[in-house]
Amino acid sequence: KSANPPVLISKNTNLTLTRRSQRFSFRVSAVSYKEFAESALEETRKRVVLEPSPLQERYSSMRGLDGKTQLQMLAFKSPKIRLLRSMAIENETMQVFDFAGFMEPEYDTPIFCANFFTSANTNIVVLDLNPLHQLTDQTDYQDKYYKNIMSIYHKYDEIFPWGGKLTGESIKFFSPLVMWTRFSSSQEKHKALFSAFLEYYQAWLEMTIQVKEEIEPSQVKANREAQHKYLTWRAQKDPGHALLRKLIGEAKAKELLRDFLFNGVNEMGTKTFIDYFPEYQTEDGAVSDKRSIIGKSFETRPWDSNGLFIG
Ligand code: BLA
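For clarity, every value in this text was computed on a predicted model and none was experimentally measured.

Peer 1: Break down the overall build of the protein for me, with residues and values.
Peer 2: Regarding its fold elements, the protein presents ten helices and ten strands. For the protein, with 311 residues in total, the buried portion stands at 49%. Within the protein, residue pairs in contact and separated by at least 24 positions form 66% of the contacts whose partners lie at least 6 positions apart. Of the roughly 16,300 Å² of accessible surface on the protein, 52% is carried by carbon and sulfur atoms. Where the 41 positive side-chain charges of the protein centre and where its 39 negative ones centre are 9 Å apart.

This is the structure:
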């Protein structure tokens, strides 16, 4: 008789614990990309003096049209880094992360690019040091920046295999280091993604510290134009646009893209999207709404394990 109450209590306790741990495990499996940004910034501050970017005053946080989606923006600069910026989007069903670093045109360092999209059951990931210059006609650029760090990619190639066909045009913005992958959420995968992100970021940060200033005006001009072409592409055709428009509306999405995410597109050059990508011109001279002219390509990874392009 006297043994009954403790048994009941322990049953109740168990039930509560189970529920709590279920709730807990649900929470921890939802990844928080704000922590990714904070960690990268913390690593940066150990090596580089960061100043707030003037963009930070105009962009800090926004709420989506649904009242439930939060957008958090961070923006910094340094004497060499023109713009280091982050956007993290969160609501009950998805998390988005877009973290990028762009150099001043006196430096030819690649562009840091982390774009992670997470919804209830899928993750779409691009993590890369996007080459500033086309790798096919400048093998010395590939040797300078990628040859010695291919091991970083190989560390993650099993857990994050090639994500399959993608917009054909995107490939020329990617390097042989690119991690392009899709996966279902799990704590293990998100933990690995976090370490991959920091490892790629450290490699980029090291490059920004080592790089020597270019003094040849023609080279500075080439760097500036290459960055402008990249910004022009992404401000116009990035895959996240449709979702961004849905979340905050057409006008705000356009402003965010052109003034914050791909800042420099209005200032670093005067060429238009059609100047760079004439294949997108429609009969009446406008820019085609199509995301891609080539279509989806590259079912498998187009680089061999040494980083040689095999198409
Ligand atoms: C999908 N995002 C994708 C895909 C790629 C990228 C390759 C697969 C679809 C495709 O082949 O185009 C990412 N593509 C890139 C990147 C570059 C590129 C980083 O060319 C750089 C040069 N993604 C975001 C943001 C959002 C987002 C900010 O970075 C939302 C606000 C969403 N990306 C998103 C969604 C999809 C996607 C919803 C799936 C929809 C689709 O496939 O079009």
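On we go.
Peer 1: Provide a residue-level description of unusual backbone geometry, including the pertinent values.
Peer 2: Non-glycine residue Phe298 carries a positive phi angle of around 65°. Structurally, Phe298 can be placed in the segment after β10 (296-297).

Peer 1: I'd like a description of the nonpolar core, backed by residues and values.
Peer 2: One recurring pattern in soluble globular proteins is that nonpolar side chains are buried together. With 93 residues, the main nonpolar core has Phe99, Phe112, Phe116, Phe197, Leu244 and Leu256 as its most contacted residues. The leading source of residues in this core is helix α6 (residues 187-210), at eleven residues. Apart from residues lying up to four places away in sequence, Phe197 is in contact with Phe36, Ala40, Phe97, Phe99, Phe112, Ala114, Phe116 and Leu127.

Peer 1: Lay out the pairing of strand β3 (residues 70-77) with the relevant residues and their values.
Peer 2: Counted residue by residue, β3 has six buried out of eight residues, so it is predominantly covered. Summarising the sheet, strand β1 (residues 51-52) and β3 pair through two bridges and their orientation is antiparallel. Each residue of the ladder has a partner; that of Glu51, found in β3, is Lys77. With three bridges connecting them, strand β2 (residues 61-63) and β3 associate as antiparallel partners. Paired with Arg63 across the bridge in β3 is Gln70. When β3 meets strand β4 (residues 81-90), the two strands line up antiparallel, connected through seven bridges.

Peer 1: Before we move on, can you summarise the pattern of salt bridges with the specific residues and values?
Peer 2: Tallying each qualifying case throughout the model produces eight salt bridges. Across the pair Glu206 and Arg47 runs a salt bridge whose closest N-O atoms are separated by 2.9 Å. Residue Glu206 is found in helix α6, and its partner Arg47 is found in helix α2 (residues 33-47); the two are separated by 159 residues along the sequence. The exposure class assigned to Glu206 is partly exposed, which follows from its relative accessible area of 29%. Look at Arg47 and you get partly exposed, because its relative accessible area is 43%. With a shortest N-O distance of 3.0 Å, Glu199 and Lys155 are connected by a salt bridge. Placement of the pair is Glu199 in helix α6 and Lys155 in helix α5 (residues 150-156), with a sequence separation of 44 residues.

Peer 1: Explain the packing of α2 against α6 to me, and be specific about the residues and the numbers.
Peer 2: Contact pair α2 / α6: the axes reach a minimum separation of 10 Å and the direction vectors enclose 30°. Classified by the interaxial angle, the pair formed by α2 and α6 is roughly parallel. The hand of the α2/α6 crossing is right-handed. Note on element contacts: α6 touches α2 through His190, Leu193, Phe194, Phe197, Leu198, Tyr201, Gln202, Leu205, Glu206 and Ile209, opposite Tyr33, Glu35, Phe36, Ser39, Ala40, Glu43, Thr44 and Arg47. Here the contact of α2 with α6 is composed, by residue class, of ten nonpolar, four polar and four charged.

Peer 1: Tell me about the packing of helix α8 (residues 241-248) against helix α9 (residues 250-261), and please be specific about residues and values.
Peer 2: At a minimum axis separation of 7 Å, α8 and α9 run at an interaxial angle of 125°. With respect to α9, the axis of α8 lies oblique. Remark: the crossing between α8 and α9 carries right-handed chirality. Residues His241, Leu244, Arg245 and Ile248 of α8 form the contact with α9, whose participating residues are Glu250, Lys252, Ala253, Leu256, Leu257 and Leu261. Across the contact of α8 with α9, the residue classes break down as six nonpolar, one polar and three charged.

Peer 1: I'd like a description of the environment of Val211, backed by residues and values.
Peer 2: Residue placement: Val211 occurs in the loop between α6 and α7 (217-237). The exposure class of Val211 is buried, given its relative accessible area of 8%. Here the alpha-carbon distance between Val211 and Lys147, two residues 64 residues apart in the chain, equals 16 Å. Sequence-distant contacts of Val211, defined by excluding residues within four places in its chain, comprise Lys80, Met103, Tyr107, Asp108, Thr109 and Tyr145.

Definitions and limits used
Residues numbered from 1 in each chain as written. Predicted model: local features only at pLDDT ≥ 70, side-chain atom pairs only at ≥ 80, totals over all residues. Heavy atoms only, no water. Helix = DSSP H or I, 4+ residues; strand = E, 2+ residues; numbered from the N terminus. Buried < 20%, exposed > 50% of the residue type's maximum accessible area, 1.4 Å probe, protein only. Contact = heavy atoms within 4.5 Å. Areas by Shrake-Rupley, 256 points an atom, 1.4 Å probe, with all protein chains shown as cover. Lys, Arg positive; Asp, Glu negative; His and termini not counted. Charge placed at Lys NZ, Arg CZ, Asp CG, Glu CD. Core = buried A, V, L, I, M, F, W, Y, C linked by side-chain atoms within 4.5 Å. Pairing = 2+ DSSP bridges. Salt bridge = Lys/Arg side-chain N within 4 Å of Asp/Glu carboxyl O. Axes fitted to C-alpha atoms, helices over the stretch in contact; angles between N-to-C directions. Parallel < 35°, antiparallel > 145°, perpendicular 65-115°, else oblique. Left-handed = near helix turned anticlockwise from the far one by under 90°. Nonpolar A, V, L, I, M, F, W, Y, C, P; charged D, E, K, R; others polar.

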